[in-house]
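The lines below spell out each chain.
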Amino acid sequence: MASDDIAFLSAAETARLIRTKQVSPVEVVRVYLERIERIDPTLRAYITVTADRALDAAREAERTLIAENEVGPLFGVPVAVKDQFWTRGVLTTNGSRAYRDFVPTEDATVIARLAQAGTILLGKLAMSELALGGTRAPAWGTTRNPWDPERTPGESSSGSGAALGAHLCAASVGEDTGGSGRTPAAYCNAVGLRPTYTRVSRHGLMPACWFFDQAAPMTKTVEDCALVLGAIAGYDPKDPLTSRRAVPDYRAGLGRDIRGLRIGIIRELVEHADVHPEVKRAVHAAAAVMQGLGAQVVDVSIPLIDLAGAMYVAIGDTEGAGACDELLRHKPGDLDPASRTRLQAAALLPFKVYNRAMKARVLLRRQFMRAFDIADVLICPTSPYPAPKHTALTAPFSDADDIRARFFFRRAYTGSYALVALPAISVPCGFTVERLPIGLEIGAPPFAEERLLQVAHAYEQATRWYAERSPASLAAA
């Protein structure tokens, strides 16, 4: 098998070949490290590459394979994680110069559980500063979209999206506060899952918003996503908020047909006048595919979702200002001007606005739960438009309408699920005429990740958009 062919495999297939000794962990790790060295100087998906550590772990994995017959479904798989998770002995920057010297003395629970599952850490991935988005001058360079380097790979798990789109890791874990895992997945033709709030431990996850932050499996396929979620989910005494519910075998339900399931199209998010026409067509085409698989497609209305972007910013930015209070007080010069301005503005938000947003959040959840009375899952675009150019993200706001359009509008699509603490997944849904990826967002009731993955997998296998390869991924040696 050619080196790049190994990198194009899913995590599940990589693990299978390792278990059956058709490829070795060292061989696979070297393939990825060579690709990182070749492609990443342009893409800038990584902040830190842990090459020596990865090779040592791969050699240990080979010894384990010789000594044992049974290993797990992710054993030997090279992964990379967003630089927001503590990693013992490894620089962990949170995307900010303020943490340029921070080397944790313990692992985040997510990192520890990935290691227990037998994965091999390739390194730490680029991100927007402090997981906020909108960074104007990233401290480790601008991460580029593997489908078009002039465009963003999405925020804030930018490196996770780019690394998957260019096949620079077999799987990743990003973080999703209001869409930071799902949007990069959509822009880079990958899969990104926001689990139910409390499903995954946040111990060692550097905070952006206490009420919204969630570790986000980001992968090449839905099967890979099921495996990664299964590895990291579950109660953690270091995070007392984590759910004590048993963790199911998420992969077991993949392959079940979706005949008879009700697919609800969120009217306000699909038919909005500002949705890119090619995105709208792709979502309707996805609904038709699901209908062809035996599902029933129904129309759903969630009236308050038009205000979800404003609710999200009122809560998320205010919480972020609180989480970063010490930085704002003592290290403001270390922050990107956009991050500093956004946090300072949020710190001045009147409490009554924050309080009203929290109350509105409860009403929005009620509307979501009523929608689930008539639909088993909900669908809409992950983003109302394909990946914008970098220049569009950093352009000054012109007026209040521009602020509403650029700052609030898109956040309703992913931020709504953060507000209501429900799981949602983004899966590849086709391309624009410019070959820019489109993401389909599928949402489900609390702790219904099995259903979410079942539907996502059925759609994925019927369309196979995930198999398309970006120009960056095909870069010649």
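Thresholds applied
Residues numbered from 1 in each chain as written. Predicted model: local features only at pLDDT ≥ 70, side-chain atom pairs only at ≥ 80, totals over all residues. Heavy atoms only, no water. Helix = DSSP H or I, 4+ residues; strand = E, 2+ residues; numbered from the N terminus. Buried < 20%, exposed > 50% of the residue type's maximum accessible area, 1.4 Å probe, protein only. Contact = heavy atoms within 4.5 Å. 1 Å grid on protein atoms, 1.4 Å probe; cavity = no way out; pocket = protein on both sides within 12 Å on 5 of 7 lines; lining within 4 Å. Points joined across faces, edges and corners; volume = space filled by probe spheres on them. Nonpolar A, V, L, I, M, F, W, Y, C, P; charged D, E, K, R; others polar. Core = buried A, V, L, I, M, F, W, Y, C linked by side-chain atoms within 4.5 Å. Phe/Tyr/Trp six-rings, centres within 6.5 Å; stacked < 30°, edge-to-face > 60°. Lys NZ or Arg CZ within 6 Å of the ring centre and 35° of its normal. Pairing = 2+ DSSP bridges. Lys, Arg positive; Asp, Glu negative; His and termini not counted. Salt bridge = Lys/Arg side-chain N within 4 Å of Asp/Glu carboxyl O. Polar contact = N/O pair within 3.5 Å; in protein donor to acceptor, adjacent residues only side chain to side chain.

J.: Would you explain the environment of P248 in this entry?
T.: Tracing the backbone through its elements, the reader meets P248 in the loop between α8 (222-232) and β7 (262-266). The exposure class assigned to P248 is partly exposed, which follows from its relative accessible area of 25%. A C-alpha to C-alpha distance of 33 Å links P248 and R410, two positions 162 residues apart in sequence. When neighbours within four sequence positions are excluded, P248 is seen to be in contact with R199 and E450.

J.: Any chance you could explain empty space enclosed by the protein here in plain terms?
T.: Summary: where empty space remains is shown by rolling a probe the size of a single water molecule over the atoms. Throughout the structure, instances matching the rule amount to 2 cavities of 30 Å³ or more. By volume, the largest cavity amounts to about 40 Å³. Lining the largest cavity are A186, Y187, V279, S383, Y385, P386, P437, I438 and G439. Mapped onto the lining of the largest cavity, the elements with two or more residues apiece are α7 (182-188) and β11 (437-443). Tallying contributions element by element places β11 first for the lining of the largest cavity, with 3 residues. Looking at the lining of the largest cavity, its residues break down into 7 nonpolar, 2 polar and no charged. Of the voids in this model, the second largest cavity is the one considered here, and its volume is about 30 Å³.

J.: It is not clear to me how the nonpolar core should be interpreted in this structure. Could you clarify?
T.: Among soluble globular proteins, nonpolar side chains are generally buried collectively. Counting 134 residues, the largest nonpolar core has Y46, M290, F368, L378, I425, L440 and I442 as its most contacted members. For this core, the element with the most residues is helix α3 (residues 25-43), which contributes 9 residues. If we ignore the near neighbours within four places in the chain, the residues touching I425 are V191, G192, L193, C225, L440, E441, I442, L452, L453 and A456. A98, L327, L328 and L343 belong to the second largest nonpolar core, which has 10 residues in total.

J.: Even after reading the chapter, I still don't get the packing of aromatic side chains, so can you show me in this structure?
T.: Here the distance between the centres and the angle between the planes together describe a pair of aromatic rings. In the structure shown here, the tally under the stated rule is 7 aromatic pairs. Arranged with centres 5.3 Å apart and planes meeting at 20°, the rings of F212 and Y312 form a pair that is stacked. One end of the pair, F212, is in the loop between β5 (191-194) and β6 (215-219); the other, Y312, is in helix α11 (residues 308-323), and 100 residues separate them in sequence. With a centroid separation of 5.6 Å and an interplanar angle of 90°, the aromatic rings of F409 and Y413 are classed as edge-to-face. Of the two residues examined, F409 and Y413, each falls in the buried class. An aromatic cluster is present here, built from W147, F431 and W465 joined pairwise through their rings. Directly above the aromatic system of Y235 lies the positively charged group of R244, at a separation of 4.0 Å from the ring centroid. Between R469 and the ring centre of F8, over which it is positioned, the NZ or CZ distance is 3.8 Å.

J.: Explain the pairing of strand β3 (residues 120-125) here, please?
T.: Moving residue by residue along a regular strand, the side chains alternate between the two faces of the sheet. The element β3 is largely enclosed, with a buried count of 6 among its 6 residues. Across 3 bridges, the pairing between strand β1 (residues 46-49) and β3 is antiparallel. Considered in β3, the bridge of V49 is made with G123. Pairing of strand β2 (residues 78-82) with β3 involves 5 bridges; the strand directions are parallel. Looking at the pairing, A80 lines up with G123 of β3.

J.: Would you mind showing me how to read the side chain of R113 here?
T.: Locating R113 in the fold gives a position in helix α5 (residues 109-116). Nearest to the buried, unbridged R113 among oppositely charged side chains is D236, at 4.6 Å. Engagement of the side chain of R113 in a polar contact is seen with the backbone oxygen of A233, the distance being 3.3 Å. At a separation of 2.7 Å, a polar atom in the side chain of R113 contacts the main-chain carbonyl oxygen of Y235. Excluding its chain neighbours within four sequence positions, the residues that come into contact with R113 are A231, I232, A233, G234, Y235 and D236.

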